[in-house]
Amino acid sequence: MQLAGCADRAARGPQRVPIVVARVEQRTVPYEIDATGTVEPIQSASVTAQAGGLVTRVAFREGDEVRAGQALFIIDPRPFEAAVARAAAVLARDHAQAETARLDLQRAEALAGQQLIAPDELQRKRADAAALAATVRADSAALLMARLDLANATVRAPIGGKTGSLSVHAGDVVRANDTGSPLVTINQIQPIRVRFTVTQADLPEVRRHRDRPPRVEIAPAEGDSVWIEGRLAFVDNAVDAASGTLLLKAESPNRDGALWPGQFVRVRLRLYEQPGATVVPSAAVASSQRGPYCYVVKPDTTVEARPVTVERTWRDLTVIASGVRAGETVVTDGQLRLAPGAKGVVRSAAGAPEAGRR
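No experiment lies behind these values; they were computed from the predicted model shown.

Asker: Describe unusual backbone geometry, and please don't skip the residues or the numbers.
Answerer: Look at the link from Q190 to P191: it is a cis peptide, with omega at 0 degrees. Looking at the element boundaries, P191 is found in strand 9 (residues 184-199). Positive phi values are uncommon outside glycine, yet N254 reaches one of about 55 degrees. Along the chain, N254 falls in the loop between strand 12 (245-252) and strand 13 (264-281). Residue classification places N254 among the buried positions, given a relative accessible area of 2%.

Here it is as structure tokens:
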């Protein structure tokens, strides 16, 4: 009985291997570079006070959207108003003295023409008039500075954007030009930028298509299927020697505010469309010591291991430069149980045999 069973198996031939297959296709494939990026504001301003004093009012709420020139903080203006009044009074006094000196000089010049005063006296009159005229100019500058301090008592937004957390409140005393402790930070997030890097091997393709700003797609989170469109706005002028990468920046309108400064995102830089590319599912390409290869299914369901030249990958597809042709069938699952010349039984991805291929 045992010998008869062996004979029956020999008569049936080698066992067929279940496989999943796909067609080799020719299609237009975008040339894309995938990267990880960081969102940054297109403009950012750390607001500081240019005049010191007591904060009497905060004219916005933290997190508000503000426009350029909008009043943000009011510093007690009374000391600055007093300084303006004092500077104006000093200017008026010195202006009167300068006018008196000018008239004295005119009379002295008239008398000198009649040789009624000494030359030294005329010289002193000229010096006095010039000194008081210079004093008036200095007083005018002091008045201008006092008025500027009064204007700076109202701290205004240098740019439009979204405000961050407040570091001062009404009743706090602030110092002038304290860059180490900004009152608030404003970030412009509409539009917004994303910084990312590509390898120096991608530099030729990036430069070749730089004239037309390539399209950039941005995904706010891992696994998010919503991609936000943008454009390439900046290419750095040098490759980082330490990392061998090139810095790029994309710009997006960010109308719905999905992108936020400091956020990590996925980036796709689409440089061009490659028509007529020969593609197979990436799962069909295996590797050996001799290089990449695919199992090609022949009409009699036997398989052939065929070496291929891989040009690049795009998402779940691999672009093949040579080795297979459009219309051929390649194995996408079950390669580990195959050997050249083996016969396969084609099954669907769910595991059931396909009709007509049993």
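Asker: An account of the confidence of the model for the protein is requested, with residue identities and associated values reported.
Answerer: Residues with a pLDDT of 70 or more make up 92% of the protein, whose mean pLDDT is 88. A low-confidence stretch, residues 1-11 (pLDDT under 50), is modelled with 0 contacts involving residues beyond four sequence positions or located in other chains.

Asker: Just give me the short version of the pairing of strand 10 (residues 215-219), but keep the residues and values in it.
Answerer: Taken across its 5 residues, strand 10 has 4 buried, putting it largely inside the fold. Summarising the sheet, strand 10 and strand 11 (residues 228-235) pair through 4 bridges and their orientation is antiparallel. From the neighbouring strand, E217 faces strand 11, where its bridge partner is E229.

Asker: So what's going on with the pairing of strand 5 (residues 71-75)? Residues and values would help.
Answerer: Here strand 5 lies mainly inside the structure; 4 of its 5 residues are buried. Pairing analysis gives 3 bridges linking strand 3 (residues 53-58) to strand 5, with the strands arranged antiparallel. Along strand 5, the bridge assignment pairs R57 with I74. As paired strands, strand 5 and strand 6 (residues 154-156) are joined by 3 bridges and run antiparallel to one another. Bridged to F73 within strand 6 is V155.

Asker: Pulling in residues and values, what's your account of the sheet that holds strand 3?
Answerer: Strand pairing in a sheet takes place through backbone hydrogen bonds and is either antiparallel or parallel in direction. Overall, antiparallel pairing links the 4 strands, which are arranged 6-5-3-8 in an open sheet. Edge positions in the open sheet fall to strand 6 and strand 8 (173-174), since each of these has one partner strand only. Pairing between strand 3 and strand 8: 2 bridges, direction antiparallel. When the bridges of strand 8 are listed, G53 appears paired with V174.

Asker: How would you sum up the packing of aromatic side chains? Please name residues and give values.
Answerer: Here the structure, examined in full by the defined rule, presents 3 aromatic pairs. With a centroid separation of 5.0 Å and an interplanar angle of 15 degrees, the aromatic rings of Y31 and Y272 are classed as stacked. With Y31 in strand 2 (residues 25-47) and Y272 in strand 13, this pair connects stretches of sequence that are 241 residues apart. The class of Y31 is buried, set by a relative accessible area of 16%. Here the aromatic rings of Y293 and Y295 are separated by 5.6 Å at their centres, their planes lie at 85 degrees, and the arrangement is edge-to-face. An identical accessibility class is assigned to Y293 and Y295; each is buried. Directly above the aromatic system of F234 lies the positively charged group of K249, at a separation of 5.6 Å from the ring centroid.

Asker: Break down the side chain of R306 for me, citing the residues and quoting the values.
Answerer: Within the secondary structure layout, R306 lies in strand 16 (residues 303-307). The exposure class assigned to R306 is buried, which follows from its relative accessible area of 17%. Here the side chain of R306 touches G323 through a polar contact of 3.3 Å, landing on its backbone oxygen. With sequence-adjacent residues up to four places away left out, R306 is seen in contact with Y293, C294, V296, G323, V324 and E328.

Asker: Let's hear about the packing of helix 2 (residues 78-113) against helix 3 (residues 119-152): which residues, and what values?
Answerer: Where helix 2 contacts helix 3, the axes come no closer than 8 Å and their chain directions differ by 160 degrees. Taken together, helix 2 and helix 3 sit at an angle that is classed as roughly antiparallel. Relative to helix 3, the crossing made by helix 2 is left-handed. Partitioning the contact of helix 2 with helix 3 into residue classes produces 21 nonpolar, 4 polar and 11 charged.

Asker: So what's going on with the environment of V303? Residues and values would help.
Answerer: Secondary-structure assignment places V303 in strand 16. Taking relative accessible area as the criterion, V303 reaches 3% and is therefore assigned buried. When the C-alpha positions of V303 and K343 are compared, they lie 6.3 Å apart, and in sequence the two are 40 residues distant. Beyond its immediate chain neighbours, meaning those up to four positions away, V303 contacts Y295, V296, V297, V331, L338, A339, P340, G341 and A342.

Asker: I'd like to hear about the pattern of salt bridges, residue by residue, with values.
Answerer: Here the structure, examined in full by the defined rule, presents 22 salt bridges. Between E40 and R195 there is a salt bridge, with its nearest N and O atoms 3.5 Å apart. Of this pair, E40 sits in strand 2 while R195 sits in strand 9, and the two are 155 residues apart along the sequence. Classification of E40 as buried rests on a relative accessible area of 17%. Overall, R195 belongs to the partly exposed group, its relative accessible area being 33%. Among the salt bridges present, the one from E109 reaches R126, with a minimum N-O distance of 3.8 Å. Taken together, the positions of E109 in helix 2 and R126 in helix 3 put the pair 17 residues apart, joining distant regions of the chain. With a relative accessible area of 38%, E109 lands in the partly exposed category. Overall, the relative accessible area of 38% leaves R126 in the partly exposed class. Connected via shared salt-bridge partners are E32, D34, R215, E217, R268, R270, E273 and R315.

About the cut-offs
- Residues numbered from 1 in each chain as written.
- Predicted model: local features only at pLDDT ≥ 70, side-chain atom pairs only at ≥ 80, totals over all residues.
- Heavy atoms only, no water.
- Helix = DSSP H or I, 4+ residues; strand = E, 2+ residues; numbered from the N terminus.
- Buried < 20%, exposed > 50% of the residue type's maximum accessible area, 1.4 Å probe, protein only.
- pLDDT = per-residue confidence, 0-100.
- Contact = heavy atoms within 4.5 Å.
- Pairing = 2+ DSSP bridges.
- Phe/Tyr/Trp six-rings, centres within 6.5 Å; stacked < 30°, edge-to-face > 60°.
- Lys NZ or Arg CZ within 6 Å of the ring centre and 35° of its normal.
- Polar contact = N/O pair within 3.5 Å; in protein donor to acceptor, adjacent residues only side chain to side chain.
- Axes fitted to C-alpha atoms, helices over the stretch in contact; angles between N-to-C directions.
- Parallel < 35°, antiparallel > 145°, perpendicular 65-115°, else oblique.
- Left-handed = near helix turned anticlockwise from the far one by under 90°.
- Nonpolar A, V, L, I, M, F, W, Y, C, P; charged D, E, K, R; others polar.
- Salt bridge = Lys/Arg side-chain N within 4 Å of Asp/Glu carboxyl O.

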